[in-house]
Amino acid sequence: MELLVLFLTFALLLAIGTPIAFCIGVSTFATVLYLGVPPVVVFQRMTAGVTISSLMAIPFFIFAGDLMVRGGIAARLVALAGSLVGHLRGGLGQVNIVASTMFGGISGSAIADASAIGGLMIPQMKARGYDADYAVNVTSVGAIIALLIPPSHNMIIYSISGGGRISIADLFTAGVLPGLMLAVALMIAAYVVARKRGYPTGVFPGFAAIGAMAVAAIPGLVLIGIIFGGVRSGVFTATESSCIAIVYAALVTAVIYRSLSWEAFVDATLGAVRTTAMVLMIIGTAAGFGWLLAYLKVPTAMIAFMQSLTDQPILIFLLINILLLFLGTFMDMSPLIIITTPIFLPVVTAFGMDPVHFGVILILNLGIGLCTPPVGAVLFVGCAVGKIPIWAAIRTIWPFYAAAIAVLLLVTYIPAASLWLPSLFK
């Protein structure tokens, strides 16, 4: 009955359009009142959820990414990607994916990626004869690469949701190879669709042009090395690397490129503050929600339920993937990570899966959900930039969904895809 109160209240609030943080908080509070537990416990758990030092990295990475966008880093990465793959079939679609991969190593945010790369690429693609739905679909699904490669904010949230015992450095490293696999799969899908629609090929600019573009993009690419290399080597923590990223981004955009105005700096600061406030509100309420699930012994019940269905890990992992894909269509990513991690992490570890491996699966799974209606935030951004209805994009996005799900299955059933690179550093 307690679970019925919890999930029914949550579903009703979600159905009437209540912001997700309030859906989580109010449903938790209502269930605690029903149980007769002192309500102050909820507020204590919310406070504990947002007073974790590792969370400091999230607003700093958001701020650094915003500075990079406003300071012209994204435009230089697009130019470099264009010189590398612009001559392939459907060249601008390939450029979009490669640029998203490089920019994801700076921003760590799928929405920032879709906004920055989409704002640059979608108008160009439409002007050169590419269909708007193709431009939007490539941008939207390509943006989820940013969720897998460092400095992914959601990897940090997953580490905290797992009790802080999961290494952020290992998670950052584990996402690199799956992120590159996803980029290659999406490039293949983009090529197939481009060939079917008869999109043109470009002209190879020559190695001299590639070298010039690479030199111009070096300051942005160096930041990727600073973040990943510093955290992985143990020179500094993820939080310290986020602070270094801000200083570096400000110096590059204001001193080297001289493209960051004072107004843009203020806008980036305010944007980071707003985003951080929203994220921390969700994290706080979800911490109370997660505590309540543990109090009601939901993880234990879930393990027993899964074991009653089958004792085969292959089928268990498939069921969890299907459930996560379904949940991702209705809820945003950050709250889902915090809510589902305490439920499913004990299940997968009971069946022999490494927590780092599950983290990559969870992030990729919910990332696909960001490109699916009705709550596909990244797809909404792509459609807004491309100025097309969301259903116009959904009708033709299936090849990109298929590519992403194929990578998801490979990552799920080939643990080395996630764990091989971290094992090298150890």
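In case you missed it, the structure is sitting above this.
Residues numbered from 1 in each chain as written. Predicted model: local features only at pLDDT ≥ 70, side-chain atom pairs only at ≥ 80, totals over all residues. Heavy atoms only, no water.

J.: Looking at this structure, I do not really get the packing of helix 11 (residues 176-197) against helix 21 (residues 398-413). What am I missing?
T.: Two quantities define a packed helix pair, namely the angle between the axes and the distance from one axis to the other. Between helix 11 and helix 21, whose axes approach to 9 Å, the crossing angle comes to 150°. Here helix 11 is positioned roughly antiparallel relative to helix 21, judged by the angle of their axes. For the pair helix 11 and helix 21, the sense of crossing is right-handed. Here Pro178, Met181, Leu182, Ala185, Leu186, Ala189, Ala190 and Val193 of helix 11 lie close against helix 21, whose contacting residues are Pro399, Phe400, Ala403, Ala404, Val407, Leu410 and Val411. (Axes fitted to C-alpha atoms, helices over the stretch in contact; angles between N-to-C directions. Helix = DSSP H or I, 4+ residues; strand = E, 2+ residues; numbered from the N terminus. Parallel < 35°, antiparallel > 145°, perpendicular 65-115°, else oblique. Left-handed = near helix turned anticlockwise from the far one by under 90°. Contact = heavy atoms within 4.5 Å.)

J.: Would you explain empty space enclosed by the protein in this entry?
T.: Empty space among the atoms can be located by rolling a probe the size of a water molecule over them. Evaluated as defined, the whole model comprises one cavity of 30 Å³ or more. Space inside the largest cavity adds up to approximately 40 Å³. What lines the largest cavity is Phe317, Ile320, Asn321, Val348, Met353, Phe358, Ile361 and Thr412. Looking at the lining of the largest cavity, the elements with two or more residues in it are helix 16 (313-328) and helix 18 (355-369). Counting residues per element, the lining of the largest cavity draws most heavily on helix 16, which supplies three residues. Split into classes, the residues belonging to the lining of the largest cavity amount to six nonpolar, two polar and no charged. (1 Å grid on protein atoms, 1.4 Å probe; cavity = no way out; pocket = protein on both sides within 12 Å on 5 of 7 lines; lining within 4 Å. Points joined across faces, edges and corners; volume = space filled by probe spheres on them. Nonpolar A, V, L, I, M, F, W, Y, C, P; charged D, E, K, R; others polar.)

J.: How should I be thinking about the side chain of Asp133 in this particular structure?
T.: Secondary-structure assignment places Asp133 in helix 8 (residues 132-143). Polar contacts involving the side chain of Asp133 include one to the side chain of Thr396, which spans 2.6 Å. Excluding residues that lie within four positions of it along the chain, Asp133 makes contacts with Arg197, Ile388, Ala392, Ala393 and Thr396. (Polar contact = N/O pair within 3.5 Å; in protein donor to acceptor, adjacent residues only side chain to side chain.)

J.: I would appreciate a short explanation of the state of the cysteines in the present structure.
T.: Think of a disulfide as a covalent bridge from one cysteine sulfur atom to another cysteine sulfur atom. One pass over the full model with this rule turns up zero disulfides. No disulfide involves Cys383; its sulfur sits 10.0 Å from the nearest other cysteine sulfur, which is in Cys371. Judged by relative accessible area, Cys383 falls into the buried class, the value being 6%. (Disulfide = S-S within 2.5 Å. Buried < 20%, exposed > 50% of the residue type's maximum accessible area, 1.4 Å probe, protein only.)

J.: Any chance you could explain helix 4 (residues 57-70) here in plain terms?
T.: Residues three or four positions apart in an α-helix share a direction because the helix packs 3.6 residues into each turn. Compared with the 20 Å implied by 1.5 Å per residue over 14 residues, the 20 Å span of helix 4 between its first and last C-alpha is a close match. Counting buried residues in helix 4 gives eleven out of 14 residues, a clear majority hidden from the surface. Buried within helix 4 we find Ala57, Ile58, Pro59, Phe61, Ile62, Phe63, Ala64, Gly65, Asp66, Leu67 and Met68. Buried residues along helix 4 sit against helix 5 (73-85), helix 6 (91-107), helix 9 (153-161), helix 12 (207-233), helix 13 (238-256) and helix 14 (262-295). Looking one or two places after helix 4, you find Gly72, whose phi comes out positive at around 95°. (Expected span 1.5 Å × (residues − 1).)

J.: What's the story with a nonpolar patch on the surface in this structure? I'm lost.
T.: On the surface, Ile314, Leu315, Leu318, Ile322, Ile405, Leu409, Leu410, Tyr413 and Ile414 cluster together to form a nonpolar patch covering roughly 740 Å² of accessible area. Where the nonpolar patch is concerned, the elements lending two or more residues are helix 16 and helix 21. Within the element layout of this structure, Leu409 appears in helix 21. (Patch = residues over 30% accessible without salt bridge, like charges linked within 9 Å, V, L, I, M, F, W, Y side chains within 5 Å. Areas by Shrake-Rupley, 256 points an atom, 1.4 Å probe, with all protein chains shown as cover. Salt bridge = Lys/Arg side-chain N within 4 Å of Asp/Glu carboxyl O.)

J.: For this particular structure, what's the right way to read the packing of helix 5 against helix 6?
T.: As a packed pair, helix 5 and helix 6 sit with axes 8 Å apart at the nearest point and diverge in direction by 135°. Taken together, helix 5 and helix 6 sit at an angle that is classed as oblique. Note that helix 5 runs across helix 6; the crossing there is right-handed. Along its contact with helix 5, which presents Ile73, Ala74, Leu77, Val78, Leu80, Ala81, Gly82 and Val85, the element helix 6 presents Gly91, Gln94, Val95, Val98, Ala99, Met102, Phe103 and Ile106. Looking at the contact of helix 5 with helix 6 residue by residue, the class counts come to 13 nonpolar, three polar and no charged.

J.: I keep staring at unusual backbone geometry and nothing clicks. Help me out?
T.: The phi angle of most residues is negative, glycine excepted, and most peptide bonds adopt the trans form. At Lys387, a position not held by glycine, the phi torsion is positive, near 55°. If you trace the backbone, Lys387 turns up in the loop between helix 19 (377-386) and helix 20 (390-394). The exposure class of Lys387 is exposed, given its relative accessible area of 73%.

J.: Explain the layout of surface pockets to me, please; I cannot follow it from the model alone.
T.: The calculated volume of the largest pocket comes to roughly 1000 Å³. Ser109, Ile111, Thr275, Met278 and Val279 are the residues nearest the centre of the largest pocket, which is lined by 40 residues in total. Counting only elements with at least two residues in the lining of the largest pocket, the list comes to helix 2 (20-35), helix 4, helix 7 (110-127), helix 9, helix 14 and helix 17 (333-350). Broken down by element, the lining of the largest pocket gets its largest block of residues, nine residues, from helix 14. Class assignment of the residues belonging to the lining of the largest pocket gives a composition of 25 nonpolar, ten polar and five charged.

J.: Looking at this structure, how should I read the nonpolar core?
T.: Soluble globular proteins tend to bury their nonpolar side chains together. Formed by 148 residues in total, the largest nonpolar core has its most connected members in Tyr134, Leu182, Ile320, Phe358 and Phe400. Among the elements that take part in this core, helix 14 stands out by supplying eleven residues, more than any other. For Tyr134, the contacting residues outside a window of four places in its chain are Gly90, Gly93, Met125, Ala190, Val193, Ala194, Arg197, Tyr199 and Phe400. (Core = buried A, V, L, I, M, F, W, Y, C linked by side-chain atoms within 4.5 Å.)

J.: I'm lost on the pattern of salt bridges in this one. Help?
T.: Any two side chains of opposite charge can pair, so long as their charged atoms come close to each other. Throughout the structure, instances matching the rule amount to two salt bridges. The residue Asp131 makes a salt bridge to Arg197 at a minimum N-O spacing of 3.1 Å. Of this pair, Asp131 sits in the loop between helix 7 and helix 8 while Arg197 sits in helix 11, placing them 66 residues apart in sequence. Here Asp133 and Arg197 are joined by a salt bridge, their closest N and O atoms 2.9 Å apart. You can see Asp133 sitting in helix 8 and its partner Arg197 sitting in helix 11, a full 64 residues away along the chain. On the basis of relative accessibility, which here comes to 30%, the residue Arg197 falls in the partly exposed class. One salt-bridge network, held together by shared partners, links Asp131, Asp133 and Arg197.

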